[in-house]
Amino acid sequence: MRSIFDLTLEKLEEELVNNGFKKFNATQVFEGIYKQKHTSFLDITNISKELKKYLTENYSLEYLKVEEKLTSDTADKYLLNLNDSFVEVVLMKQSYGNSLCISSQVGCNMNCAFCESGRLKKQRDLTTGEMINEVLTIEQYENIRIDNVVIMGIGEPFDNFNNIKDFLNIITCNKGIDLGSRRVTVSTCGLVPKIKEFADLNTQVNLAISLHAADDETRNKLMPINKAYPISEVLKAIDYYTKKTNRRVTIEYILLDKINDSKEDAIKLANLLKGKLVYVNLIPYNSNSTDFKRSSKERIEAFFDTLTKNGINTQKRREMGKNIKGACGQLRAAKEKQGE
Ligand code: SF4
């Protein structure tokens, strides 16, 4: 049975009208499930018996099961059961609210060398409803409101573009979850045509791009996607996006010891980004089963200083989830191994 969370308000309106109900019924249903958080259609008070029956027979309103939770003082990680597989989300309670990092696919085909998820090939895309359900499930499980959503967990969101588009529509819909667009961030490894398509959506949703290297030779080794869309193409896509939206792009840069973290790398990166509407987020690496090592504190500081001295807006991401298998895919990888 299809999840009700798959449908945008416009799609639900169309479905209901096609089945003899009124367009405004869709708003009532949306408010019932997203604002009043009813978990049964029968509990939505202001809709007819016929509509309750139709919805119950045709749509599921089930939340996901929390299979496992790992806690640290900075972040909690959850393994959610999708029936045919598992997916991870990470909750960070910060001074400016609760941020949830969600996954967009089961596994990932992008094959980034430093990433645990890249070792588990993509099994399938997550549906729109499953991604909405990642948010709803954690809100219900923890009895909290999620204030920020980052699509930066397992998977490449732009490789699941249509479902992401509907997800963004529902999560920001004022009749639905009603999260401000600026509180949502989509992070891509650099699928250039999709960055342009995203720019054309004219949304206020934030864009983050994983660069992780300042030259093609290094980036080819770290991120195979660079062979299809090299750094020069990514930079052009950034220009297209910023011109179109006037919104700043976050450049994600994982610092890997002696791979991409030298002073020369920082100067190269500064030269690439000079004059662009971007800021750089430096991320300390969470060591996992790959051969890469985290950069030392001194190298991270030196990299940061070089960028800022060269006029690049830069921040260091706070340490998150180091002891909870914090890098994307680590918890799911452990669970899959258990099942082998
Ligand atoms: S870093 Fe992201 S895009 Fe790259 S393999 Fe991992 S999940 Fe996929």
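Residues numbered from 1 in each chain as written. Predicted model: local features only at pLDDT ≥ 70, side-chain atom pairs only at ≥ 80, totals over all residues. Heavy atoms only, no water.

### Description of the sheet that holds strand β11 (residues 206-210)
Read across the open sheet, the ten strands follow the order β3-β4-β5-β6-β9-β10-β11-β12-β13-β14; overall the sheet is mixed. Both edges of this open sheet fall to β3 (65-71) and β14 (314-316), since each of them pairs with a single strand only. Taking the axes of each pair of neighbouring strands and ignoring which way they run, one obtains an average angle of 25° across the sheet. Examined bridge by bridge, strand β9 (residues 148-151) and strand β10 (residues 184-188) share three bridges and lie parallel to one another. From the neighbouring strand, Val150 faces β10, where its bridge partner is Thr185. (Pairing = 2+ DSSP bridges. Helix = DSSP H or I, 4+ residues; strand = E, 2+ residues; numbered from the N terminus. Axes fitted to C-alpha atoms, helices over the stretch in contact; angles between N-to-C directions.)

### What about the packing of helix α1 (residues 9-18) against helix α2 (residues 23-35)?
Their axes nearest at 8 Å, the elements α1 and α2 cross at an angle of 130°. Between α1 and α2, the interaxial angle falls into the category oblique. Note that α1 runs across α2; the crossing there is right-handed. Of the residues in α2, those touching α1 at Leu9, Leu12, Glu13, Leu16 and Val17 are Lys23, Asn25, Ala26, Thr27, Val29 and Phe30. Along the lines of polarity and charge, the residues of the contact of α1 with α2 split into seven nonpolar, two polar and two charged. (Parallel < 35°, antiparallel > 145°, perpendicular 65-115°, else oblique. Left-handed = near helix turned anticlockwise from the far one by under 90°. Contact = heavy atoms within 4.5 Å. Nonpolar A, V, L, I, M, F, W, Y, C, P; charged D, E, K, R; others polar.)

### A closer look at the domain arrangement of the chain
Here the chain is partitioned into domain 1 (2-60) and domain 2 (65-339). For domain 1 and domain 2, the distance between their C-alpha centres works out to 33 Å. Summed over both partners, the interface of domain 1 with domain 2 comes to about 1,200 Å²; 59% of that surface belongs to carbon and sulfur atoms. Three residues stand out in domain 1 for area buried against domain 2, namely Phe5, Asp6 and Tyr34, and they jointly supply 39% of the buried area on that side. Seen at the junction of domain 1 and domain 2, the total is three salt bridges. Lys35 serves as the salt-bridge partner of Asp178, at 4.0 Å between the closest nitrogen and oxygen. One can count six residue pairs in polar contact (both at pLDDT 80 or more) joining domain 1 with domain 2. With five residues, α2 is the largest single contributor of residues to the side of domain 1 that touches domain 2. (Domains from an automatic or database assignment. Buried area = accessible area lost by both parts, 1.4 Å probe. Salt bridge = Lys/Arg side-chain N within 4 Å of Asp/Glu carboxyl O. Polar contact = N/O pair within 3.5 Å; in protein donor to acceptor, adjacent residues only side chain to side chain.)

### Let's talk about the side chain of Gln94
By the element assignment, Gln94 lies in strand β5 (residues 86-94). Judged by its relative accessible area of 17%, Gln94 falls in the buried class. At a separation of 3.0 Å, a polar atom in the side chain of Gln94 contacts the side chain of Tyr96. Engagement of the side chain of Gln94 in a polar contact is seen with the side chain of Ser99, the distance being 2.9 Å. (Buried < 20%, exposed > 50% of the residue type's maximum accessible area, 1.4 Å probe, protein only.)

### Some points on the nonpolar core
In this structure, Leu55, Phe114 and Phe167 are the most contacted members of the largest nonpolar core, which totals 100 residues. Taken domain by domain, this core gets at least three of its residues from each of domain 1 (2-60) and domain 2 (65-339). (Core = buried A, V, L, I, M, F, W, Y, C linked by side-chain atoms within 4.5 Å.)

### Here we look at the environment of Asn81
Here Asn81 is to be found in strand β4 (residues 76-81). A relative accessible area of 19% places Asn81 in the buried class. The spatial distance from the C-alpha of Asn81 to the C-alpha of Lys65 is 5.3 Å, given a sequence separation of 16 residues. Within the structure, the side chain of Asn81 is placed 3.0 Å from the side chain of Glu67, a separation counted as a polar contact.

### Remarks on the pairing of strand β12 (residues 249-255)
Among the seven residues that make up β12, seven are buried, leaving the element largely enclosed by the rest of the structure. The alternating pattern of β12 places Val249, Ile251, Tyr253 and Leu255 and Thr250, Glu252 and Ile254 on opposite faces, both of which are buried. Sheet topology note: the β11/β12 ladder contains four bridges and is parallel. What sits directly across from Ala208, in β12, is Thr250. Looking at chain direction, β12 and strand β13 (residues 278-284) are connected through seven bridges and run parallel. Opposite Ile251, over in β13, you have Val280 as the bridge partner.

### Description of the packing of helix α4 (residues 128-142) against helix α5 (residues 161-172)
Orientation of α4 relative to α5, taken along the N-to-C sense of each, is 45°, at an axis distance of 8 Å. Classified by the angle their axes make, α4 and α5 are oblique. Both α4 and α5 take part in a crossing whose hand is right-handed. For the pair formed by α4 and α5, the contact residues are Thr128, Met131, Ile132 and Val135 on the first element and Asn163, Ile164, Asp166, Phe167, Ile170 and Ile171 on the second. For the contact of α4 with α5, the residue count by class is seven nonpolar, two polar and one charged.

### Let's talk about helix α9 (residues 231-245)
Residues spaced three or four apart along an α-helix point in a common direction, a consequence of the helix completing one turn every 3.6 residues. For α9, with 15 residues, the first-to-last C-alpha span of 21 Å sits near the 21 Å given by 1.5 Å per residue. If you check which residues of α9 are buried, you get Ile231, Val234, Leu235, Ala237, Ile238, Tyr241, Thr242 and Thr245. Take α9 and look down its axis: the buried residues cluster within an arc of 160°, on one side only. Immediately beyond the C-terminal end of α9, within one or two residues, lies Asn246, with a positive phi of roughly 55°. (Expected span 1.5 Å × (residues − 1). Arc of directions from axis to C-beta.)

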